[in-house]
Amino acid sequence: MLPIIVEAATNFCLHQIRLPYDLTAVPPKKRTLFAYIDIETSNGDAHRAYIGCDEMLIQTIAEIFLGEDESDEQTLIDMLLETTNMIVGSAKVLAGELYETTITIATPFVLAHEEISHLQLDKSQCIGIDGGAMTIALQRL
């Protein structure tokens, strides 16, 4: 499941925000905002997919989509939720087209700052994007 979401995220970089990216193994040491969305496959596997962006990256995304040079915290959170929805929604389409797997997705939610340090993730991948960083992770439910 993680490779499908990573592919959707790299497609997001190329086609939506049109910024170069590189896959990295190290998560950012900067403050990162996280959102999650629950997904279930047709065979009954359930996961929670996390998308995290550091403030620089999510501000860049807000600037691209909203034209805002400096967004407030709520706007950045809303942009992260929308980014999560776009990436996981794209993964749903990829799973159906390329892997003939049906995925059901829920509504994205933002993760509170105090919850981030307690995360126990099964798999993760980081993507460096134009000086910022995105973390994609999965947790089996």
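The text that follows walks through the structure, step by step, so that each part is easy to find. Every chain is numbered independently, its residues counted from 1 as its sequence is written. Given that the model is predicted, a residue must reach a pLDDT of at least 70 before its local features are reported, and side-chain atom pairs must reach 80 or more before they are shown or counted; all residues, however, enter totals for whole chains, interfaces and linings. Computation of side-chain values: all heavy atoms of the structure, hydrogens and water removed.

## Some thoughts on the pattern of salt bridges
Here is step 1 of the chain: We define a salt bridge as a side-chain nitrogen of Lys or Arg found within 4 Å of a carboxyl oxygen belonging to Asp or Glu. Overall, the coordinates contain four salt bridges when judged by the stated rule.
Here is step 2 of the chain: Note that R48 and D38 form a salt bridge whose closest N and O atoms lie 2.6 Å from each other. On the criterion of sequence distance, the pair formed by R48 in strand β3 (residues 46-54) and D38 in strand β2 (residues 32-41) is long-range, its members being 10 residues apart.
Here is step 3 of the chain: One salt-bridge network, in which partners are shared between bridges, spans R31, E55 and E73. Going along the chain from the N terminus, every DSSP run of H or I of four or more residues is numbered as a helix, and every run of E of two or more is numbered as a strand.

## With respect to the layout of surface pockets
Here is step 1 of the chain: In this analysis a 1.4 Å probe is tested at points of a 1 Å grid over the protein atoms alone, and where it fits but cannot get out there is a cavity; an open set with protein on both sides within 12 Å along at least five of seven lines is a pocket; lining residues have an atom within 4 Å of a point. Grid points are joined across faces, edges and corners, and a volume is the space filled by probe spheres set on the points. Considered as a void within the structure, the largest pocket measures approximately 190 Å³ in volume.
Here is step 2 of the chain: The wall of the largest pocket is formed by 10 residues, among which P27, F34, I116, L121 and T135 lie closest to the centre.
Here is step 3 of the chain: Among the secondary structure elements, those contributing two or more residues to the lining of the largest pocket are β2 and β6 (123-129).
Here is step 4 of the chain: Each residue is assigned to one of three groups, with Ala, Val, Leu, Ile, Met, Phe, Trp, Tyr, Cys and Pro labelled nonpolar, Asp, Glu, Lys and Arg labelled charged, and all others, Gly among them, labelled polar. In terms of residue class, the lining of the largest pocket is made up of seven nonpolar, three polar and no charged.

## Details of helix α1 (residues 2-16)
Here is step 1 of the chain: The length a helix should cover is 1.5 Å for every residue beyond the first. Taking 1.5 Å per residue as the helical rise, α1 with its 15 residues ought to reach 21 Å, and the 20 Å between its terminal C-alpha atoms agrees with that figure.
Here is step 2 of the chain: Each residue's exposure class comes from its accessible area (1.4 Å probe, protein chains only) as a fraction of the maximum for that residue type: buried when under 20%, exposed when over 50%, partly exposed otherwise. By the burial criterion, the buried members of α1 are L2, I4, I5, V6, A8, A9, T10, F12 and C13.
Here is step 3 of the chain: Positioned one or two residues after α1, R18 has a phi angle of 55°, which is positive.

## Description of the nonpolar core
Here is step 1 of the chain: As used here, the term nonpolar core means buried Ala, Val, Leu, Ile, Met, Phe, Trp, Tyr and Cys residues forming a set that is joined through side-chain atoms within 4.5 Å. Ranked by size, the top nonpolar core spans 35 residues in total, and within it I5, I58, I87, I129, M134 and I136 carry the most contacts.
Here is step 2 of the chain: Looking at this core, the elements that each hand over two or more residues are α1, β2, β3, α2 (55-66), α3 (73-99), β6 and β7 (132-140).
Here is step 3 of the chain: Among residues more than four places away in sequence, those in contact with I87 are I5, A8, A9, F12, I51 and M134.
Here is step 4 of the chain: By size, the runner-up hydrophobic cluster in this structure holds five residues, among which are Y36, Y50, L111 and A137. The contact definition used throughout considers only heavy atoms, calling two residues in contact when any of these lie within 4.5 Å.

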